[in-house]
Amino acid sequence: MGRVVAAAAYSAGKKVTDIALEDGRHWACQPNHFVWIGLQEPDEAALATLQQQFDLHELAIEDALERHSRPKLETFGDALFMVTYSPVRHEGRLEFIETHIFAGKGYVITCRNGHSASYALVRQRCEARPLLLEHGEDFVLYALLDFVSESYQPVTESIHSEIEALEHNVLSQALNERDIQRLHGLRRDLLRMRRYLAPMVEISEELQRLAFPFIDKNMRPYFRDVQIHVNRHMEDLTGIRDMASQTIEIGMLMESARQSITQRKFGAWAAILAFPTAIAGIYGMNFQFMPELSWHYGYYIVLGVIATGCTGLFASFKRSGWL
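From a predicted model like this one, the values you see are computed outputs, not experimental measurements.

Rules of the game
Residues numbered from 1 in each chain as written. Predicted model: local features only at pLDDT ≥ 70, side-chain atom pairs only at ≥ 80, totals over all residues. Heavy atoms only, no water. Helix = DSSP H or I, 4+ residues; strand = E, 2+ residues; numbered from the N terminus. Rg over C-alpha atoms; globule rule 2.2 N^0.38 Å. Buried < 20%, exposed > 50% of the residue type's maximum accessible area, 1.4 Å probe, protein only. Contact = heavy atoms within 4.5 Å. Pairing = 2+ DSSP bridges. Axes fitted to C-alpha atoms, helices over the stretch in contact; angles between N-to-C directions. Parallel < 35°, antiparallel > 145°, perpendicular 65-115°, else oblique. Nonpolar A, V, L, I, M, F, W, Y, C, P; charged D, E, K, R; others polar. Arc of directions from axis to C-beta. 1 Å grid on protein atoms, 1.4 Å probe; cavity = no way out; pocket = protein on both sides within 12 Å on 5 of 7 lines; lining within 4 Å. Points joined across faces, edges and corners; volume = space filled by probe spheres on them. Core = buried A, V, L, I, M, F, W, Y, C linked by side-chain atoms within 4.5 Å. UniProt positions renumbered as here; feature names shortened; annotations may be inferred.

Counting its secondary structure elements, the protein chain contains eleven helices and seven strands. Expected size for 323 residues packed as a compact globule is a radius of gyration near 20 Å; at 36 Å, the protein chain overshoots this value by more than 25%. C-alpha extents for the protein chain along the principal axes are approximately 125 × 35 × 30 Å. Counting only residues that meet the buried cut, the protein chain has 42% of its 323 residues in that class. Long-range contacts, defined here as pairs at least 24 residues apart, represent 66% of the contacts in the protein chain between residues at least 6 apart.

This is how it looks when you write it as structure tokens:
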């Protein structure tokens, strides 16, 4: 049936009591009360119980049983159904935990599918702010969305640190195949995060426009605050992705520069070696009449010419920075 993480009734900004799923409707119908239920990986039986208790639309239940590709917000009469994704990084691998949120007059239900950070922290924050929790379901909805948007920050910082380390290394040593693959993997993770985060902007905008009985117009600035945070995260993701691309480009330029230096050194030594090779080639020709062959000091003169020429070439290449 899935695990009930927490289920409680609230009134006037304070927790009244813990409840069982079967008692949810009773407490939700009480004046100035609402229930907040958190489930982990609920199955069809658990969702059927929730549908019976809170008269959830059958299409919302059908949506909750499916796996979605992006966050979304759908309305069913005076109730809403929302899909959100929280990023989790485990041993360098990026995963996204899907959470379904049902909200209506008198209830907020979260169904978390996976092992992401628990929403118990959100509940603690809300219970510590009774004046805001007194608003009811809309404040809980804001707190949940704010928590989801915050979950992107530590993952973004972790990826940023990795890319910074690779960027520092590329200036001192050549990028190897493993580093390049890692950079491409991090860029791919950033694109995936942007893909799951971008719809949150539209969701926040729509929540500011919706005229639901359980959404107070005074709470709209809070949903706008979520939108601002999401936009800021989007900008950070774009900047870090550009940083990863630039690191690859810098690595390629540095490698090209290193290869150019090596090629110049090879060219300089080839020119130096070509000088004695040319002289040896001339005197290695099998001609009968070569006046220098009969000179008493001819051998030493040729060695001196070779040494002088090679030394001159070496000094010239050294001054020009080729050696």
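We are not done yet, so read on.
The strand order across the open sheet formed by seven strands is E2-E1-E3-E7-E6-E5-E4, and the pairing between neighbours is mixed. Each having just a single partner strand, strand E2 (14-18) and strand E4 (72-76) make up the two edges of the open sheet. Geometrically, the sheet is characterised by an average inter-axis angle of 20° between neighbouring strands, direction not taken into account. Pairing of strand E3 (residues 33-40) with strand E7 (residues 107-113), which is carried by six bridges, proceeds in the parallel orientation. Within E7, the residue paired with Leu39 across the bridge is Cys111. Each of E3, strand E6 (93-104) and E7 is contacted by helix H2 (residues 44-54), which is oriented at about 170° to E7, the strand it contacts most. In the packing of helix H4 (residues 120-127) onto the sheet, contacts are made with strand E1 (3-11), E2 and E3, and the angle to E3 comes to roughly 160°.

As a further point, take the pairing of E1. As paired strands, E1 and E3 are joined by eight bridges and run antiparallel to one another. Counted as the bridge partner of Tyr10 is Phe34 from E3. Inspection of the sheet shows E1 paired to E2 by four bridges, in the antiparallel sense. Note on E2: the bridge partner recorded for Ser11 is Lys14. Between the end of E1 and the start of E2, which pair antiparallel, lie two residues, with Ala12 showing a positive phi angle near 55°.

Running from N to C, helix H6 (residues 137-150) and helix H7 (residues 152-170) cross one another at 5°; their axes reach a closest spacing of 5 Å. Taken together, the axes of H6 and H7 lie roughly parallel to each other. Mapping the contact onto sequence places Val148, Ser149 and Glu150 in H6 and Tyr152, Gln153 and Pro154 in H7. Counted by class, the contact of H6 with H7 contains three nonpolar, two polar and one charged residues.

This paragraph deals with H4. Along H4, the residues classified as buried are Val122, Arg123 and Cys126. Axial view of H4: buried residues confined to an arc of 100°, hence all on one face. Among the structural elements, E1, E3, helix H5 (130-133) and H6 are those in contact with the buried residues of H4.

A separate point is the layout of surface pockets. Of the volumes computed, that of the largest pocket is approximately 280 Å³. Forming the walls of the largest pocket are 21 residues, and the residues nearest its centre are Asn32, Glu134, His135, Gly136 and Glu137. Its volume calculated, the second largest pocket comes out at about 180 Å³. In terms of residue count, E6 provides more of the lining of the second largest pocket than any other element does, three residues in total.

As a further point, take H2. Taken together, the buried positions of H2 are occupied by Ala46, Leu47, Thr49, Leu50, Gln53 and Phe54. The buried residues of H2 occupy an angular sector of 155° when projected down its axis, which confines them to one face. Among the exposed residues of H2, those oriented more than 90 degrees off its buried face are Glu44 and Gln52. Against the buried residues of H2 lie helix H1 (24-28), E3, helix H3 (58-64), E6 and E7. Following H2 by one or two positions, Asp55 has its phi on the positive side, about 55°.

In this section: the nonpolar core. Core analysis: the biggest nonpolar cluster contains 81 residues, and Leu50, Leu80, Phe102 and Leu207 have the highest contact counts within it. Counting seven residues, the second-largest nonpolar core is a separate cluster that includes Ala268, Ile279, Phe317 and Leu323.

Non-glycine residue Asn32 carries a positive phi angle of around 60°. With respect to the secondary-structure elements, Asn32 resides in the loop between H1 and E3. By relative accessible area, Asn32 is classed as exposed at 70%. Its identity is not glycine, yet Glu41 carries a phi of approximately 50°, on the positive side. On the secondary structure map, Glu41 appears in the loop between E3 and H2.

Mapped onto the present numbering, the UniProt feature "transmembrane region" (unreviewed entry) falls on residues 266-285 and 297-317. The straight-line gap between the two end C-alpha atoms of residues 266-285 is 28 Å; of that span, 90% is helix and 0% is strand.

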